[in-house]
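Coordinate inspection notes
Below, each chain spelled out in residue letters.
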Amino acid sequence: MSIWPIRSMLFIPGHKLEWVRTVKRFAPDAVVLDLEDAVPLGLKTAARATIREAIPLLVEHRIAAFVRINDFECGGEDDVAAICMPGLAGIMLPKADSAKQVQHLDRLIAHAEGRAGLPLGAVGIIPLPETARGLADARLLAEASNRVTGLVTVVGGPVA
């Protein structure tokens, strides 16, 4: 199943399995299971297990499954190890502002793919630059790994 082009991405908190069970009625092209800002600190570990239940449900409905991980200093490495599994289309890297971060994520995913029995390169990366530096270096983020399948960016607010 080709997931491209992705016209709509719906974000769902990673601990809300009941929301995943009802998402088909909205017909999104992709769902981003959010482990970062949408999950209370005390539920992050349990949310990883919930995501492992959610990914097959999304695949069953032909909805691409992505996961937005936490910052590396706040459990992101553990997120990658826990959620790499068949059906995972990609990992969204929040607050991406350097090629080095993307390359680090690439190495983590490669290791997790091997442990999960997935082919090398099965899981993509979508950097989410949320800082001025990240936006200015968007091209470098995109070129940092062959796994990068796209960028999610927003520019908003009054300019003047």
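Throughout what follows, the structure given in this document is the object of discussion. Everything quoted here is computed from the prediction, not taken from an experiment. (Residues numbered from 1 in each chain as written. Predicted model: local features only at pLDDT ≥ 70, side-chain atom pairs only at ≥ 80, totals over all residues. Heavy atoms only, no water.)

Digging into the overall build of the protein
Inclusion rule: Comment: elements are numbered from the N terminus, with helices defined as DSSP H or I runs of at least four residues and strands as E runs of at least two. For the radius of gyration, the atom set is restricted to C-alpha positions; the globular benchmark scales as 2.2 Å times the number of residues to the power 0.38. Each residue gets one of three labels from its accessible area relative to the maximum for its type: buried under 20%, exposed over 50%, partly exposed in between, using a 1.4 Å probe on protein chains only. Contacts are residue-level and defined by heavy atoms, with any inter-residue pair within 4.5 Å sufficient.
A count of helices and strands for the protein gives six helices and five strands. Taken over the C-alpha trace, the protein has a radius of gyration of 15 Å; the compact-globule value for 160 residues is 15 Å, and the two agree within 12%. Once the C-alpha set of the protein is aligned to its principal axes, its extents read approximately 40 × 40 × 35 Å. Buried positions account for 46% of the 160 residues belonging to the protein. Put simply, of all contacts in the protein between residues at least 6 apart along the chain, 66% involve residues at least 24 apart.

Overview of the pairing of strand 4 (residues 88-94)
Applied cut-off: Following DSSP output, two strands are said to pair if at least two bridges run between them. Handedness of a crossover is defined as follows: with both strands directed away from the viewer, a clockwise route from the first strand across the helix to the second makes it right-handed.
Taken across its seven residues, strand 4 has six buried, putting it largely inside the fold. Examined bridge by bridge, strand 3 (residues 64-68) and strand 4 share four bridges and lie parallel to one another. For alanine 65, the partnering residue across the bridge sits in strand 4 and is leucine 88. In this region the chain leaves strand 3, passes through helix 3 (residues 76-83) and returns to the parallel neighbour strand 4; the handedness of that crossover is right-handed. Two elements, strand 4 and strand 5 (residues 124-128), share five bridges in a ladder whose sense is parallel.

As for the side chain of aspartate 97
Counted only if it meets this: When charges are counted, neither His nor the chain ends are considered; positive counts come from Lys and Arg and negative counts from Asp and Glu. When a carboxyl oxygen of Asp or Glu lies within 4 Å of a side-chain nitrogen of Lys or Arg, that pair is called a salt bridge.
As for its position among the elements, aspartate 97 is in the loop between strand 4 and helix 4 (99-116). For aspartate 97, which is buried and forms no salt bridge, the nearest opposite charge comes from arginine 133, at a distance of 4.2 Å. Beyond its immediate sequence surroundings of up to four residues, aspartate 97 is in contact with Thr131, Arg133, Gly134, Asp137 and Leu141.

Observations regarding the nonpolar core
Keep this limit in mind: Buried residues of nine kinds, namely Ala, Val, Leu, Ile, Met, Phe, Trp, Tyr and Cys, make up a nonpolar core once their side-chain atoms join them within 4.5 Å.
The biggest cluster of nonpolar side chains holds 37 residues, and the ones touching the most others in it are Leu33, Val67, Val80, Ile91 and Leu105. Secondary structure elements with two or more residues in this core: helix 1 (17-22), strand 2 (30-34), helix 2 (44-60), strand 3, helix 3, strand 4 and helix 4. Once residues lying within four places of it in the same chain are set aside, the contact partners of isoleucine 91 are Phe66, Val67, Ile69, Val80, Ile83, Cys84, Leu105, Ile109, Val123, Gly124, Ile125 and Ile126.

Description of helix 3
Test applied: Each C-beta atom gives one direction from the helix axis, and the arc is the one those directions make.
The complete set of buried residues in helix 3 reads Gly76, Asp79, Val80 and Ile83. In a view along the axis of helix 3, the buried residues occupy a sector of 95°, so they form one face of it. Buried-residue contacts for helix 3 involve helix 2, strand 3, strand 4 and helix 4.

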